[in-house]
Amino acid sequence: MSSAPPKPITVLTPELSRALKQRSESLLVDIIKKNHISRYVRESPSLLCFRNTLRDFTIFQDTPAPLLEHFRDTVPLSVYDTYEPFIRKLVEKPCKKVDVEDLLSPGYPSYVALSSFTTGKAPKYFPKYDFSRVNPTEGSISATSKFNCLVMHLGTKWTILVEDEDGQIDHKLPVCTISSGITRTMFNMKVDQEHLAMEMKVPALTSPLAVSFINNYRSFILMHALFALAERRLETLSTSFGTILVDLVKFVEEEWDSILNSIETGILPDFDGTDHLRVYLQPYFLANPERAAELRALGAAKDSPEWLKMIWPNFKEYSGIMSGAYTGVLSKVQRYWGPDVALRTAGYILSECWPGISYSGVNLYKLANDEYFEFLEVSQREIPDEETVETAASLIPVWKMEAGRAYEPVITSRDGLWRYRLGDMIQIEGFEPNSGSPIFGFVERRHEEIRIGDATVPANVISNAILSTTEDTIGQVTEFTSFLDSRDNQVTIGYLVEIGGEIGPNPSLARRRVLDALMEQHHMIRVNIEMKKMRLPTIRIVERGTFGAYRHWRVENENVSLAQVKVPVVFKNEELLKQLLKGVVQEIQEP
């Protein structure tokens, strides 16, 4: 096992504070020096004041204080809409060199990251330039292990063809998820080299790289599982979200016999959407009748505790997001592995940037030191999205943060974002004692909420209510979502839940328990109930596998990336919600 990181300290020493300030400001100066020549800085209306007086500074002068003060006084907060008129030039056809070269940072991006558009809204695009990035395996056992299953996707959504003034192709830019882009960059994989990558197998990974180009969600997971199951010595497994591990176990149960027959004979199963890749996969898949016999003796999972640990006796670490909206899967993941397996997250990763490196456990991160971060303190007073210098004045630098407080990160990045609001809420748990870097946990996505009467109910309140109160009523909730249930004259919060195992002993008490938890966290819920503006929350149970089937449906029917497909805490797209409602098998009633 990797050694545990040092316990965070609660207050920065003066020496650590000074070092953190110096490191952060030096990084900001480097970002300004590099990106001030970008088209965005030269043309954006929001940076008019900043650029008009920037020429008054000797930008490479020895004393950076005046430049930093100018940045703080003139650069407003920004959101995606601020950049959209520039970024849209990348996805317009034809895409012209004169429009996109030096767009947000000098040169061309290495790739364009595509947001996950979880709620069904239009995707966002973020150009990613050629910088060294955070090491995704930092602190992980996988960095030294020889037997790892990395459930990653390397495919692209499409390729942007950049034309020069004569209409000739000057550059090719892959459009993909941030996780795919990071991994492709690690492998130095160019757009025209995918066929070469498909022939490769990284020695420390169980799956050949060709598996990561499967675009069918179910087959993609099953093929990664097949190669992992054939390797008894597996030590680590990583998925982007804990829900993918839940889907993996269910899909393996459904295909158990065919998987064992394939391991026994060395002949790949005929999974949908894999025919074109078999020529790359088959050379790496050899018959192993002894392993097949061992697995057959263990039998399929069927909710057996520590089943995965029995499958892989040398297993040490699982990585996947199991906090925030994914807290519900944590108990199920723990049941799969047992107490001796370390659980961690691969990091706090967004399409915009990679703010946090996994520090310990499933929801503790160290702030990355390769971007410039400032913070809005989260309070009862909401900070508006408008791009004003006045609201930017309330930003708190990293060296003045306090343990125990909640903040929204704001980033100025090497990729060309300027005081960009990330829209998440984090809580500072302390500071790394050697570097002073903040240690934090993810709380929730801001503005993911349900509005009922006089109450605006945030996602973390909705999540806590269903996850903290139902184990002894309807049973262990492994996945859920919520929405505004308007089937009655009085609206309410509606829950769709998937239960691990059998339904609990007291289901009729669940709705009242959830309401009590909501009222305890949010006093306006009680006011709405008393004024009859809201009724008792509703709970509908869906068939096991419904959430996994929804993820598969979105990948197959809506061209959503299989590496990022997920279910939001709050559903606001009624058409997408209908897909989950098809799986309802029972609605909980009062006694």
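Look a little higher up for the structure.
Conventions and cut-offs
- Residues numbered from 1 in each chain as written.
- Predicted model: local features only at pLDDT ≥ 70, side-chain atom pairs only at ≥ 80, totals over all residues.
- Heavy atoms only, no water.
- Salt bridge = Lys/Arg side-chain N within 4 Å of Asp/Glu carboxyl O.
- Buried < 20%, exposed > 50% of the residue type's maximum accessible area, 1.4 Å probe, protein only.
- Pairing = 2+ DSSP bridges.
- Helix = DSSP H or I, 4+ residues; strand = E, 2+ residues; numbered from the N terminus.
- Axes fitted to C-alpha atoms, helices over the stretch in contact; angles between N-to-C directions.
- Contact = heavy atoms within 4.5 Å.
- Phe/Tyr/Trp six-rings, centres within 6.5 Å; stacked < 30°, edge-to-face > 60°.
- Lys NZ or Arg CZ within 6 Å of the ring centre and 35° of its normal.
- Polar contact = N/O pair within 3.5 Å; in protein donor to acceptor, adjacent residues only side chain to side chain.

Enquirer: What is the right way to read the pattern of salt bridges from this model?
Expert: A side chain with one charge may pair with a side chain of the opposite charge, provided their charged atoms come close. If you walk through the whole model with that rule in mind, you get 35 salt bridges. Between Arg 487 and Asp 485 there is a salt bridge, with its nearest N and O atoms 2.9 Å apart. A residue is classified by how much of its surface remains accessible, and Arg 487, at 47% relative accessible area, is partly exposed. A salt bridge links Glu 587 to Arg 487; its shortest N-O distance comes to 2.7 Å.

Enquirer: Got a minute to help me understand the sheet that holds strand β22 (residues 538-542) in this structure?
Expert: Each strand in a sheet pairs with another by means of backbone hydrogen bonds, the pair being arranged parallel or else antiparallel. Taken in spatial order, the four strands of this open sheet run β20-β21-β22-β23, and their pairing is mixed. Bordering the open sheet on either side are β20 (476-485) and β23 (584-587), each of which pairs with just one other strand. Each strand axis lies, on average, 30 degrees off the axis of its neighbour in the sheet, ignoring direction. Relative to β23, β22 runs antiparallel, the two sharing three bridges. Among the inter-strand pairings, Arg 540 is bridged to a residue of β23, identified as Glu 587. Here helix α18 (residues 510-521) sits on the sheet in contact with β21 (492-500) and β22, set at roughly 125 degrees to β22.

Enquirer: In this structure, what is going on with the packing of aromatic side chains? I would like to understand it.
Expert: The geometry of two aromatic rings is summed up by the distance between their centres and the angle between their planes. A full pass over the atoms with the stated rule returns 26 aromatic pairs. Judged by centre distance (6.2 Å) and plane angle (85 degrees), the rings of Phe 71 and Tyr 372 are edge-to-face. Placement of the pair is Phe 71 in helix α4 (residues 65-74) and Tyr 372 in strand β12 (residues 372-377), with a sequence separation of 301 residues. For Phe 71, a relative accessible area of 0% translates into the label buried. Feature note: the residues Tyr 40, Tyr 80, Tyr 83, Phe 86, Phe 126 and Tyr 420 constitute an aromatic cluster, connected by ring pairs. Lying across the ring of Phe 251, Arg 218 places its NZ or CZ 5.2 Å from the centre.

Enquirer: How do you make sense of the pairing of β12 when you look at a structure like this?
Expert: Moving residue by residue along a regular strand, the side chains alternate between the two faces of the sheet. Most of β12 sits inside the fold, with five of its six residues counted as buried. In this sheet, strand β14 (residues 406-412) lies alongside β12 in antiparallel orientation, the contact comprising six bridges. Counterpart to Leu 376 in the pairing with β14 is Glu 408. Direction of pairing for β12 relative to strand β13 (residues 396-397): antiparallel, over a ladder of two bridges.

Enquirer: What exactly am I supposed to notice about the sheet that holds strand β5 (residues 158-163) here?
Expert: Here we have five strands laid out as an open sheet, ordered β1-β5-β6-β2-β3, and mixed in their pairing. Two strands in the sheet have a free side with no partner beyond their single neighbour: β1 (95-96) and β3 (125-128). One ladder, built from two bridges, connects β1 with β5; its direction is parallel. Residue pairing in the sheet places Lys 96 in a bridge with Glu 163 of β5. On the sheet, helix α5 (residues 80-91) packs against β1, β2 (111-114), β3, β5 and β6 (169-176) and is oriented at approximately 70 degrees with respect to β3.

Enquirer: Help me out: how do you make sense of the side chain of Glu 25 in this one?
Expert: Mapped onto the elements of the fold, Glu 25 is located in helix α1 (residues 14-35). Of the residues examined, Glu 25 reaches a relative accessible area of 13% and is grouped as buried. Polar contacts involving the side chain of Glu 25 include one to the side chain of Arg 72, which spans 2.7 Å. Glu 25 has contacts with Leu 68, Arg 72, Tyr 372 and Trp 399, leaving out every residue within four places of it along the chain.

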